[in-house]
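Here's the letter readout for the chains.
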Amino acid sequence: MPQDDLIAKLARQIDAAKKTERSSVDADEVAALRRRGACELHSICAEFVSSVNSKLSQAALDLSPPAYTLDMFEESGVNLFRIGSQGREMQIAFQAAPQLVSTEKFLIPYVLEGEVRTYNQRMLERFEIRSHALFFCLEGDNFRWRFFDWRTSHTGPVGSELLVSLMGRLF
């Protein structure tokens, strides 16, 4: 790795550490952010399912749970959303980061971490499940869901575009 790339990587790590230190917040504030993040993620999923189903002659995508509220978030465990259709599944599992605000697995400070997994029956027969990491990140003064593809190092916002791409590969 060239010297400039190493220096740029170190600079990003230092910036991320500074952001984490600046975003020192109390536990109650982080708990509220985590509940809000869980609801935002469910909302993204619900909008995606609704958009796809509105274009079909018969609704085919199911979202579980169908509704989600702030009090449904499990602070000490794994939270799970499922989008499915005819044996094609997308599971979104997420949980609280180990620290109030973390940069352990992603350079942008985050309070929730998780994974979106996609598979169909053919993939299961080959023991193949595709996955992308998910993080509810502090970006500037806002928190946003971001994904990270470990295979390609590609990252971006979690939204309908990502969900369409992931679900589309299963058909």
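Located above this text is the structure these notes cover.
As a starting point, this report considers the structure included with it. (Residues numbered from 1 in each chain as written. Predicted model: local features only at pLDDT ≥ 70, side-chain atom pairs only at ≥ 80, totals over all residues. Heavy atoms only, no water.)

**Regarding the packing of aromatic side chains**
Tallied over the full model, the rule gives 10 aromatic pairs. Ring geometry for F106 and F135: centres 4.6 Å apart, planes at 5°, overall stacked. Placement of F106 in the loop between β3 (88-96) and β4 (110-119) and of F135 in strand β5 (residues 130-139) is noted, with a sequence separation of 29 residues between them. Both residues of the pair, F106 and F135, belong to the buried class. Within the aromatic cluster, the residues linked to one another by ring pairs are Y68, F73, F81, F94, F136, F143 and W145. (Phe/Tyr/Trp six-rings, centres within 6.5 Å; stacked < 30°, edge-to-face > 60°. Helix = DSSP H or I, 4+ residues; strand = E, 2+ residues; numbered from the N terminus. Buried < 20%, exposed > 50% of the residue type's maximum accessible area, 1.4 Å probe, protein only.)

**What about the packing of helix α2 (residues 27-55) against helix α4 (residues 160-168)?**
Axis separation between α2 and α4 bottoms out at 10 Å; the angle between their running directions is 60°. Classified by the angle their axes make, α2 and α4 are oblique. Classified by chirality, the crossing of α4 by α2 is right-handed. Along the contact surface, α2 presents I44, C45 and F48, while α4 presents S160, L163, V164 and M167. In the contact of α2 with α4, the residues fall into six nonpolar, one polar and no charged. (Axes fitted to C-alpha atoms, helices over the stretch in contact; angles between N-to-C directions. Parallel < 35°, antiparallel > 145°, perpendicular 65-115°, else oblique. Left-handed = near helix turned anticlockwise from the far one by under 90°. Contact = heavy atoms within 4.5 Å. Nonpolar A, V, L, I, M, F, W, Y, C, P; charged D, E, K, R; others polar.)

**Some words on the sheet that holds strand β1 (residues 62-64)**
In spatial order, the strands read β1-β2-β3-β4-β5-β6-β7; together these seven strands make up an open sheet with antiparallel pairing. Looking at the sheet topology across the chains shown, the edges are occupied by β1 and β7 (154-157). Direction aside, neighbouring strands of the sheet carry axes that sit 20° apart on average. With seven bridges joining them, strand β2 (residues 79-85) and β3 adopt antiparallel strand pairing. Within the sheet, the bridge partner assigned to G84 lies in β3 and is E89. (Pairing = 2+ DSSP bridges.)

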